[in-house]
Amino acid sequence: MKDFFRNTRFKIVLSVAALLLLGALIAGAAGHGETAQSAVVGTVFAPFHYVAKKASDGIDRVFGNLKRDAEYEKEIKSLRDQLNDYKSKLSDYENIKRQNELYKDFLELKEKNPEFKFEEASVIARDSADIYKSFTISKGSVNGIEVGDAVLYRKALVGVVQKVYPDYSVVRTVLDAGFNVSAYELVSNEISYVTGTARLAGEGKCKMANLSSSTKVAYGSIICTAGIGGTVPKGLVIGTVSSVEEENTDISSYAVITPEVSPDEITDCIVLTDF
């Protein structure tokens, strides 16, 4: 008999009976009209329901956050697309503005010189190792470009065509020691020539060489092409005198010129194919 009370099965049955009795007492006290079995089961499984509800709430929050994140991503993508569109329009506007500036002054020059023929070109490459700042343009021999053609930006001379290929050309700038063009001072009409040196090119400048010691060229003088030799037309602005210096090799002087246009800043240009 003692063994029966110690038996595991008896203990399990006794525990279940005790739980049913406890559930009945709780149901009676609550007055919900639940059966003893349902009350016991509800009591036993209440913690599991609580955990399940919390898990369900957590899942709902996760999916809610994911939905909001997806909406945010959609809004961000829309804003990025709008920003890219605005950037594209701004780029187009800047290109049109730059071309208008390029043509405005040049067309004024062409009105005074209707015989001018030209090709518009874009700068497509630069030689970063070249101290003279030469650059490559998008037009070549198939467009009528020839060696020696003047290259302009607005009304200013930037350089001359040095090499020509079928669909592109290389431009030698006014800073180059190999550049040489006749020039005159706008007020005094004093004539000489403009060329470059390695030292001045490092400062972004060129010079009007072989001036007399009594030259009237001075700070602020405007230097233009003289048109002598027929390679470049007369009247193109080269730049402004920033100082007048004495040559070390003889008794002559030279004027240091700041070009009207810096060759490394232009993105478009005009090539004079005939004048």
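First, a word on what this report is: a plain description of the structure on this page. Every chain is numbered independently, its residues counted from 1 as its sequence is written. In keeping with the model being predicted, local features are shown solely for residues with a pLDDT of at least 70 and side-chain atom pairs are shown and tallied solely at 80 or more, while totals for entire chains, interfaces and linings include all residues. Side-chain calculation: all heavy atoms of the structure are included, whereas hydrogens and water are not.

## Looking at the overall build of the chain
Runs of H or I in DSSP of at least four residues are treated as helices and runs of E of at least two as strands, each being numbered from the N terminus. A tally of helices and strands in the chain yields four helices and 12 strands. The buried share of the chain, taken over its 275 residues, is 32%. A total accessible area of about 17100 Å² is found for the chain, and carbon and sulfur atoms account for 56% of it. For every residue, the accessible area obtained with a 1.4 Å probe (protein chains only) is divided by the maximum for its type, and the residue is called buried under 20%, exposed over 50%, and partly exposed between those limits. Each accessible area is a Shrake-Rupley result for a 1.4 Å probe, and residues are judged covered by the shown protein chains and nothing else.

## Considerations on the packing of aromatic side chains
Only Phe, Tyr and Trp rings take part, Trp by its six-membered ring, and two of them pair if their centres are within 6.5 Å. Stacked means planes under 30 degrees apart, edge-to-face means over 60, and tilted covers everything else. All chains considered together, the criterion is met by two aromatic pairs. Here the aromatic rings of F116 and F275 are separated by 6.5 Å at their centres, their planes lie at 85°, and the arrangement is edge-to-face. Taken as a pair, F116 in the loop between helix 3 (36–112) and strand 1 (117–126) and F275 in the segment after strand 12 (268–274) lie far apart in primary sequence, 159 residues in all. Residue F116 is classed as buried on the basis of its relative accessible area of 3%. Definition used: whenever NZ (Lys) or CZ (Arg) falls within 6 Å of the ring centre and also within 35 degrees of the ring normal, the charge is taken to sit over that ring. The ring centre of Y254 lies 5.0 Å from the NZ or CZ of K207, which sits over that ring. Above the ring of Y184, the side-chain terminus of K234 is found at 5.3 Å from the ring centroid.

## Details of the nonpolar core
Soluble globular proteins tend to bury their nonpolar side chains together. Core analysis: the largest hydrophobic core is formed by 28 residues, its most contacted members being L152, L157, V194 and I223. Among the secondary structure elements, those contributing two or more residues to this core are helix 3, strand 3 (150–153), strand 4 (156–164), strand 6 (180–185), strand 8 (206–211), strand 10 (237–246), strand 11 (253–259) and strand 12. If we ignore the near neighbours within four places in the chain, the residues touching V194 are F179, N180, V181, A183, C206, K207, M208, I223, I238 and I257. We define the nonpolar core as a collection of buried residues of types Ala, Val, Leu, Ile, Met, Phe, Trp, Tyr and Cys that are connected through side-chain atoms lying within 4.5 Å of one another. In this structure, F135, I145, C269 and V271 belong to the second largest nonpolar core, which totals 15 residues. Residues are treated as being in contact if the distance between any of their heavy atoms lies within 4.5 Å.

## Details of the pairing of strand 9 (residues 222–225)
We treat two strands as partners when DSSP finds at least two bridges between them. Across three bridges, strand 6 lies against strand 9 in antiparallel orientation. Across the sheet, the residue bridging to E185 is I223, located in strand 9. As paired strands, strand 9 and strand 10 are joined by three bridges and run antiparallel to one another. Note on strand 10: the bridge partner recorded for C224 is V237.

## Let's talk about unusual backbone geometry
Positive phi values are uncommon outside glycine, yet R154 reaches one of about 60°. Note on placement: R154 falls in the loop between strand 3 and strand 4. Of note, N189 is a non-glycine position whose phi angle comes to about 65°, a positive value. Note that N189 resides in the loop between strand 6 and strand 7 (191–195).

## Topic: the side chain of K139
Mapped onto the fold, K139 is located in the loop between strand 2 (135–137) and strand 3. Counting of polar contacts relies on pairs of N or O atoms within 3.5 Å, with two restrictions inside protein: one atom must be capable of donating a hydrogen and the other of accepting it, and residues adjacent in sequence are counted only when both atoms are side-chain atoms. Of note is the side chain of K139, whose polar atom sits 3.1 Å from the side chain of E119. Of note is the side chain of K139, whose polar atom sits 2.6 Å from the backbone oxygen of E120. Other than its neighbours up to four places away in sequence, K139 contacts E119, E120, A121, I145, D167, Y168 and S169.

## Some words on the environment of G140
The residue G140 is located in the loop between strand 2 and strand 3 in this model. Contacts of G140, omitting those with residues within four sequence positions, involve I145, V164, Y165, P166, D167, Y168 and S169.

Shape descriptors only; they carry no functional weight alone.
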